[in-house]
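Coordinate analysis (summary)
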Amino acid sequence: MPSLSVVMPNYNYANYIGEALSSVLGQSYKPDEIIVIDDASTDNSVQVVKSFMGSHSNIKLIQNAKNMGVVLSTINILKTVKGDYLHFMASDDKILPGLYERSMGMLSKYPEAGLCCSDLILFNDKRTKENRMFLSGKAGYFPPQETLKLFLKEKFSPVQSSTTIVKRKALLDAGGFRPELLWSIDAFAFDVVS
């Protein structure tokens, strides 16, 4: 099976990063590497990450000497990440069991696909909201022309950035992440890949 790298930028999310890491480590399809980029956190985020590293050799911690922001941290890691496929997730995200197994299965079934994504659920202390695209009742492949039709018809991107597993080569071929797009670097790049 192809290799999978998880990239998790973090800044002062000690209260969440343990759950995020646990959700990745609990997957049936194990990532080859989990790279946490700590952006000069002032809380105990680094200690939380290190507490996982002792029993999980696939976790790597990169500590920025000064705060660079999530955009530059993400762009810089693209040069060194090794996986055939990449999942960029926030340190306050949790993924449901089976995401990697099902996504990597779909990507193996459709090797021409540049990425795989799924619906997501948004939550915070006060509410939970499902964000469903209702593109299909079951998992399926959308060729580029079909995806373009969805863009034009729906007037929004059907790609959910936080659940996207992207082929590293396709991302690099699309130009990677463009820093001038700020918080939209992933959404734009994934739209280009799709």
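Residues numbered from 1 in each chain as written. Predicted model: local features only at pLDDT ≥ 70, side-chain atom pairs only at ≥ 80, totals over all residues. Heavy atoms only, no water.

1. Section: unusual backbone geometry
The backbone of Asn12 sits at a positive phi, close to 60°, despite the residue not being glycine. The topology assignment puts Asn12 in the loop between β1 (4–10) and α1 (14–25). Within the chain, Ala40 stands out as a residue other than glycine whose phi angle is a positive 60°. Among the structural elements, Ala40 can be located in the loop between β2 (33–38) and α2 (45–53). (Helix = DSSP H or I, 4+ residues; strand = E, 2+ residues; numbered from the N terminus.)

2. Description of the pairing of β1
Counting buried residues along β1, seven of its seven residues qualify, which places the element largely inside the surrounding structure. Residues Leu4, Val6, Met8 and Asn10 line one face of β1 and the alternating positions Ser5, Val7 and Pro9 line the opposite face, and both faces are buried. Where β1 lies against strand β4 (residues 85–88), four bridges are found, and the strand directions are parallel. Each residue of the ladder has a partner; that of Ser5, found in β4, is Leu86. (Buried < 20%, exposed > 50% of the residue type's maximum accessible area, 1.4 Å probe, protein only. Pairing = 2+ DSSP bridges.)

3. A word on the sheet that holds strand β3 (residues 59–63)
If you trace the six strands from one edge of the open sheet to the other, you get β3-β2-β1-β4-β8-β5, paired in mixed fashion. Only two strands of the sheet have a single partner each, and these edge strands are β3 and β5 (115–116). Two elements, β4 and strand β8 (residues 165–167), share three bridges in a ladder whose sense is antiparallel. In the sheet register, His87 faces β8, and the bridge partner there is Ile165.

4. Some thoughts on the pattern of salt bridges
Counting across every chain of the model gives four salt bridges. When the shortest N-O distance is used, the salt bridge between Lys60 and Glu33 registers 2.8 Å. Within this pair, whereas Lys60 is found in strand β3, its partner Glu33 is found in strand β2, the two being separated by 27 residues in sequence. Classification of Lys60 by relative accessible area gives partly exposed; the value is 34%. (Salt bridge = Lys/Arg side-chain N within 4 Å of Asp/Glu carboxyl O.)

5. Some words on the packing of α1 against α2
Closest axis-to-axis distance for the α1/α2 pair is 8 Å, and the angle between their directions is 25°. Judged by the angle between their axes, α1 and α2 are roughly parallel. Of the two possible hands of crossing, α1 and α2 adopt the one that is right-handed. Each of Ala14, Ile17, Gly18, Leu21, Ser22 and Leu25 in α1 lies in contact with α2, whose residues at this interface are Ser45, Val48, Val49 and Phe52. (Axes fitted to C-alpha atoms, helices over the stretch in contact; angles between N-to-C directions. Parallel < 35°, antiparallel > 145°, perpendicular 65-115°, else oblique. Left-handed = near helix turned anticlockwise from the far one by under 90°. Contact = heavy atoms within 4.5 Å.)

6. As for the pairing of β2
Summarising burial for β2: six of the six residues are buried, a large majority. Of the two faces of β2, the one lined by Glu33, Ile35 and Ile37 and the one lined by Ile34, Val36 and Asp38 are each fully buried. Of the pairings in the sheet, the one linking β1 to β2 comprises six bridges and is parallel in character. In the sheet register, Met8 faces β2, and the bridge partner there is Val36. Where β2 lies against β3, five bridges are found, and the strand directions are parallel. Considered in β3, the bridge of Ile37 is made with Ile62. A crossover links β2 with its parallel partner β3, the connecting element being α2, and its sense is right-handed. (Right-handed = clockwise from strand over helix to strand, strands pointing away.)

By themselves, these observations are geometric and do not establish any function.
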